[in-house]
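# Reading the structure
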Amino acid sequence: MIGALLAVAALLAALLFVSIRSVADTAVETTQDSILGAAAIAIAEELRGGDEGLSIDIPYTSFAMLGSIGEDRVFYRILVDGVTATGYADLPLPPAAPATGLAPVFYTATYDQTEVRLAAVSRSVVVARRAVVAQVIIAQTRSAKDAIVAQMAARAAALGLGFFAVAAILSLIATRAVLQPLSNLADAVGRRGPDDLRPIERPVPVELAPFVRSLNGFIGRLATALSRTETFIAEAAHHIRTPLATLRAQAETALRRSEDDATREALRGMIRAADDSARRAGQLLDHAAVVYRSDQRSEEPIDLAALCADIVTAYAPAAAMRDIDIHLHGPDSALTLRADRLLVESAIRNLVDNAIKYSDADSAIDITLARDGRRAHIAVADRGRGLEGARTPHLTARLKRGRNVADVVGSGLGLTIVREVVRAQDGAFSIEDREGGGTCANLWLPLA
Amino acid sequence: MHRRDFTPNLTGTCHRPTIWRLSKDPALRFLLVEDDPDLARSVAERLRLDGHGVDIAQSIGAAQDHLATAGYDLILLDIMLPDGDGRDFLGAHRRARADTPVIVMTARSAVSDRVALLDTGADDYITKPFDFNELEARVRAVLRRRNGSAQPLVTFADITFDPIGALVSVGGEARDLRNRELRLLEILIGAPGRIHSKGQLCDRLFSAAEAVSDNAIEVYVARLRKKLEGSGARVETVRGVGYRLVAGPAS
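We now examine the overall build of chain B. A tally of helices and strands in chain B yields 9 helices and 14 strands. Per-residue burial over chain B gives 55% buried out of 251 residues. Of all intrachain contacts in chain B linking residues separated by at least 6 positions in sequence, the fraction that spans at least 24 positions is 58%. As displayed, chain B has an accessible area near 10400 Å², and 50% of this comes from carbon and sulfur atoms.

Now the structure itself:
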């Protein structure tokens, strides 16, 4: 912006220099010509005819007039009927002989290795009753004229540079004046927290009012869309899980009443399908919430041990139904994260959920919390079927599952959620076979 | 804090058994606050199968009317109701110092949401869709906490079963039983001499979602017999029918 303004100013200055130089050149030449012409005419007028011949009393005032132009040398030549009568006989003649009648002809030529400007006039003089043509040529070197043009051009250049400087300063001031409220505004918007979706109310120049209005409109729509997303996720869970709960309750009632083995097996299949659907829906909504919140960057201090205790409390009764015990070990000292609570919880919850799902009845799950440098290390270890060599990148890919889990329902989204959380919170994740059988999932999250 | 009483022993030695309501016991009286008519009807039907009484309220207003006219052992509360949020009802319920325990049925999977429910005054929560064995376990746990020692010890022969502390002793000597062993004993000791089919026991011991055959019950019967060794009672196999608890030493 400023660069473009400066370029325009520089171009204008250069144009000014060139045009003033050309005008000055013409003006100085015109001035020299009129002086040369006047001097030539003055000399020609002093030519006197007579019976004995032509006489002249050279008017030295004419030369004084010429001298006023500078330190230039002056030459003259007077010809009578084409024969040099006096002066410098080798002074170049005009390209065409001037008409008699004191109308000067001007031309430029080289004389004595110097460029000279010449003026020539002719007049008829009666000598011995015969009309002869007398021609007067005045020449002057051009060093003074060149000096004047150079001086004027230098002044023009100075003027152009001055113009350039003033233009540049003015444009800087103007730009600053126009942009200052804009950058103030940008600072104010940039300083806002992730959840601050209030409209902008700071005073701004009139020119910026439409911009702020449309920005406020956008913020309003964003706030509406975000609250709709949260509401949608909550309501979607409700609307999906309620009919599934109905289905499951009815299937359980039918199971309780049925004695037929085939029917009972079919009903158990229905119940498994209902649980699976609910789980998948939950993970899809978890995934949506995680992706949506990853962009929000709303952080708070989180006591990792308390969060894990809450998660264990939530899952322990369901795990106890299958005689699975969940043990929480550590940490030795408080581990405080600075992160989005919902994201961290989603990751750990999905790891615990996986561990319970793939554990056999009558086993234990160990959750170990420890400090690992600047990170907290959360290890969730089970004694389930293990991974049979599947690698972390494959298992965390969206909708991908291990190769030995065909008989257990699952969406393949659980570890994808963990991966998204790790990405958003700058953590790390790995999952590996556990020594002695089972799986160990490792999650690292940066400490506050 | 409400939820602190609830935090289980994380070392896993505390087993919270399903206290199966014995057929001779008075049934529980539930108030089910759920606006979805299909879900309300099917949950009520399933609870009635176990001999419980269930009243259905489809709104907060209806729930308050019911509570004004009848007493309940437990309220099962949905969150999204047509005339308001279940959590507001919960808050008002607690402020009125009403002591009927409340279990919230939630569709949210986030633990923080559930913790918030407990802080609002819920006794427990269960996530939809739920397993009725798990609901039963949670109901019993809530009632145990509420009633304390109101429930008596159950004895058969020289076996004593304490449903509150989930403790079993044989001839005064404590025996350590796992959760499913406790639940199996509880079912058998609740109706001594009565024959329970493998299918019935399976339905009560396993989640309906678990892919187990009825024969899986044999493992737990064998374990229970081992834990009750030396007692004056034994789990008898009634060939082709099921199992029952009878007095007398193991054969």
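Now for the sheet that holds strand β7 (residues 124–127) of chain B. Residue and element names in this part refer to chain B. On the basis of which strands lie adjacent, the open sheet formed by 5 strands has the order β2-β1-β3-β6-β7 and parallel pairing. This sheet does not close on itself; its edge strands, each paired only once, are β2 (53–57) and β7. Neighbouring strand axes in the sheet, compared pairwise and without regard to direction, differ in orientation by 20 degrees on average. Note: strand β3 (residues 74–78) against strand β6 (residues 102–106), 4 bridges, orientation parallel. Residue pairing in the sheet places D78 in a bridge with M105 of β6.

Residue and element names in this part refer to chain A. Spatially, 5 strands are ordered β9-β11-β12-β14-β13 in an open sheet, and the strand pairing comes out mixed. Of all the strands in the sheet, the pair left with one neighbour each is β9 (325–329) and β13 (428–433). Put simply, the sheet's adjacent strands are angled 15 degrees from each other on average, direction ignored. Strand direction decides the pairing type here: strand β11 (residues 364–372) and strand β12 (residues 375–381), joined by 7 bridges, are antiparallel.

Time to look at the environment of A234(A). In this structure, A234(A) sits in helix α4 (residues 209–257). Considering only alpha carbons, one finds A234(A) and A289(A), 55 residues apart in sequence, at a separation of 9.8 Å. Residue contacts for A234(A): discarding those within four places in its chain leaves M80(B) and R108(B).

Turning to the interface of chain A and chain B, a few remarks are in order. Contact residues are listed per partner, giving 47 residues for chain A and 58 residues for chain B. Of the roughly 4600 Å² buried at the junction of chain A and chain B (both faces included), carbon and sulfur atoms supply 53%. Scanning the region where chain A abuts chain B turns up 9 salt bridges. Linking chain A to chain B there are 20 residue pairs in polar contact (both at pLDDT 80 or more). Only α4, α5 (261–294), α6 (304–320), β9 and α7 (341–357) of chain A provide two or more residues apiece to the side of chain A that touches chain B. No other element matches α4(A), which puts 17 residues into the side of chain A that touches chain B. Its residues assigned to classes, the side of chain A that touches chain B comprises 21 nonpolar, 8 polar and 18 charged.

This part takes up the pairing of strand β4 (residues 83–87) of chain A. Looking down a regular strand, the side chains alternate between one sheet face and the other. Residue and element names in this part refer to chain A. Here strand β3 (residues 74–80) runs beside β4; their pairing, made up of 4 bridges, is antiparallel. Within the sheet, the bridge partner assigned to R77 lies in β4 and is G87. Linking β3 back to β4 in an antiparallel pair, the connection comprises 2 residues, with D81 at a positive phi of about 50 degrees.

So, on to the side chain of R46(B). Of note, R46(B) is situated in helix α2 (residues 37–49). Ignoring any residue separated from it by four or fewer positions in sequence, one finds R46(B) in contact with A249(A), E252(A), T253(A), R256(A) and F132(B).

Moving on, we get to the environment of D50(B). Relative to the helices and strands, D50(B) resides in the loop between α2 and β2. Overall, D50(B) belongs to the buried group, its relative accessible area being 18%. Polar contacts involving the side chain of D50(B) include one to the side chain of R256(A), which spans 2.9 Å.

Definitions and cut-offs
Residues numbered from 1 in each chain as written. Chains lettered and ligands numbered in written order. Predicted model: local features only at pLDDT ≥ 70, side-chain atom pairs only at ≥ 80, totals over all residues. Heavy atoms only, no water. Helix = DSSP H or I, 4+ residues; strand = E, 2+ residues; numbered from the N terminus. Buried < 20%, exposed > 50% of the residue type's maximum accessible area, 1.4 Å probe, protein only. Contact = heavy atoms within 4.5 Å. Areas by Shrake-Rupley, 256 points an atom, 1.4 Å probe, with all protein chains shown as cover. Pairing = 2+ DSSP bridges. Axes fitted to C-alpha atoms, helices over the stretch in contact; angles between N-to-C directions. Buried area = accessible area lost by both parts, 1.4 Å probe. Salt bridge = Lys/Arg side-chain N within 4 Å of Asp/Glu carboxyl O. Polar contact = N/O pair within 3.5 Å; in protein donor to acceptor, adjacent residues only side chain to side chain. Nonpolar A, V, L, I, M, F, W, Y, C, P; charged D, E, K, R; others polar.

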